[in-house]
Amino acid sequence: AQSVSQHNHHVILSEAASLELGCNYSYGGTVNLFWYVQYPGQHLQLLLKYFSGDPLVKGIKGFEAEFIKSKFSFNLRKPSVQWSDTAEYFCAVNKKSNYQLIWGAGTKLIIKP
Amino acid sequence: GAGVSQSPSNKVTEKGKDVELRCDPISGHTALYWYRQRLGQGLEFLIYFQGNSAPDKSGLPSDRFSAERTGGSVSTLTIQRTQQEDSAVYLCASSLGIDPDTQYFGPGTRLTVL
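Before going into details, it helps to say that this report is about the structure given with it.

Moving on: the nonpolar core. One finds Tyr25, Leu33, Trp35, Leu48, Phe74, Leu76 and Tyr89 of chain A to be the most contacted residues of the largest nonpolar core, which totals 29 residues. Counting only elements with at least two residues in this core, the list comes to strand 2 (10-14), strand 3 (19-21), strand 5 (31-38), strand 6 (45-50), strand 8 (64-68), strand 9 (73-78), strand 10 (87-95) and strand 12 (107-112) of chain A. The contacts of tyrosine 89 of chain A, once residues within four sequence positions are left out, are Gln6, Leu21, Trp35, Tyr36, Val37, Tyr39, Leu47, Phe63, Leu76, Gly106, Thr107 and Leu109 of chain A. Counting 20 residues, the second-largest nonpolar core is a separate cluster that includes Val19, Leu46, Cys92 and Val113 of chain B.

Laid out in structure tokens, this is it:
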């Protein structure tokens with residue numbers, strides 16, 4: 001079955017630390033890739049997405065992600081986190097021309113001030 | 001502009017009762033999705049509407065769950081004879097219905113079945 005794995009369920013970092021959250025998917029073929037974020041008390045928001053082209057994509061709030069096709073990965077990065085980055089982060093994937101998104105279980109990120 | 005809205009934001013019900021959850025998509029979005037999110041888990045696809053096409057109901061967990069979309073806009077998710085395992089956050093998303101596409105989410109309805 002198709003699946004998306006986020007290996008870290010909880011991550012705790014201090015402010016200014018660098019962040020990398022892992023996301024791996026099990027599909028073959030071409031895919032669309034997404035990272036969504038859910039801040040405390042808020043709804044899911046799109047952080048960034050990859051459809052095609054440059055595999056390094058930049059999103060809002062200084063986040064970026066790199067699509068590595070050979071590794072079936074789409075890891076999220078930020079060089080220096082802030083307390084306001086405390087949130088839950090979800091990776092999602094769909095096959096091209098297929099609307100169904102398959103979601104990872106999410107990573108809860110806590111930034112200590 | 002206005003985003004996806006959902007109502008109610010919270011619903012507490014007794015086991016065996018029916019509930020209706022409402023979703024208002026972004027104006028102009030032809031695609032609408034319902035998801036369920038249980039505590040500590042990712043989103044679980046329930047149903048998908050695209051324009052006037054027959055909905056994809058493949059994610060509905062049982063025949064107690066149904067959804068409709070009136071006039072290609074507002075959607076209602078109905079859960080009949082609720083069970084405790086139905087307790088979750090129910091999320092609605094909408095999108096332009098193009099390929100590739102991006103889904104935009106509402107705030108969700110937190111359903112608690114006692």
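On to the pattern of salt bridges, then. Across all of its chains, the model carries 7 salt bridges over all chains by this definition. A salt bridge links aspartate 86 of chain B to arginine 64 of chain B; the nearest nitrogen and oxygen atoms lie 2.8 Å apart. A residue pair is termed long-range when its members are at least 10 positions apart, and aspartate 86 of chain B in the loop between strand 7 (75-79) and strand 8 (88-95) and arginine 64 of chain B in the loop between strand 5 (43-50) and strand 6 (65-69) qualify at 22 residues. For aspartate 86 of chain B, a relative accessible area of 1% puts it in the buried group. Taking relative accessible area as the criterion, arginine 64 of chain B reaches 11% and is therefore assigned buried. In the salt-bridge network here, residues are joined through shared partners; they are Lys58, Glu64, Glu66 and Arg77 of chain A.

A separate point is the environment of aspartate 54 of chain A. All names here are of chain A. Along the chain, aspartate 54 turns up in the loop between strand 6 and strand 7 (56-58). Its relative accessible area of 52% is what places aspartate 54 among the exposed residues. Distance in space between the C-alpha atoms of aspartate 54 and phenylalanine 67 is 8.7 Å, their sequence separation being 13 residues. Reaching out from aspartate 54, the side chain makes a polar contact with the backbone nitrogen of leucine 56 at a distance of 2.9 Å.

Further remarks concern the pairing of strand 10 of chain A. Residue and element names in this part refer to chain A. Most of strand 10 is tucked away, with 8 of its 9 residues classed as buried. Examined bridge by bridge, strand 5 and strand 10 share 8 bridges and lie antiparallel to one another. Directly across from glutamine 38, in strand 10, lies its bridge partner glutamate 88. Note: strand 10 against strand 12, 3 bridges, orientation antiparallel. Bridge assignment links alanine 87 to a residue of strand 12, and that residue is leucine 109. For strand 10 and strand 11 (residues 102-103), the ladder comprises 2 bridges, and the chain directions are antiparallel. Bridged to alanine 92 within strand 11 is tryptophan 103.

Quick notes on the rules
- Residues numbered from 1 in each chain as written.
- Chains lettered and ligands numbered in written order.
- Predicted model: local features only at pLDDT ≥ 70, side-chain atom pairs only at ≥ 80, totals over all residues.
- Heavy atoms only, no water.
- Core = buried A, V, L, I, M, F, W, Y, C linked by side-chain atoms within 4.5 Å.
- Buried < 20%, exposed > 50% of the residue type's maximum accessible area, 1.4 Å probe, protein only.
- Helix = DSSP H or I, 4+ residues; strand = E, 2+ residues; numbered from the N terminus.
- Contact = heavy atoms within 4.5 Å.
- Salt bridge = Lys/Arg side-chain N within 4 Å of Asp/Glu carboxyl O.
- Polar contact = N/O pair within 3.5 Å; in protein donor to acceptor, adjacent residues only side chain to side chain.
- Pairing = 2+ DSSP bridges.

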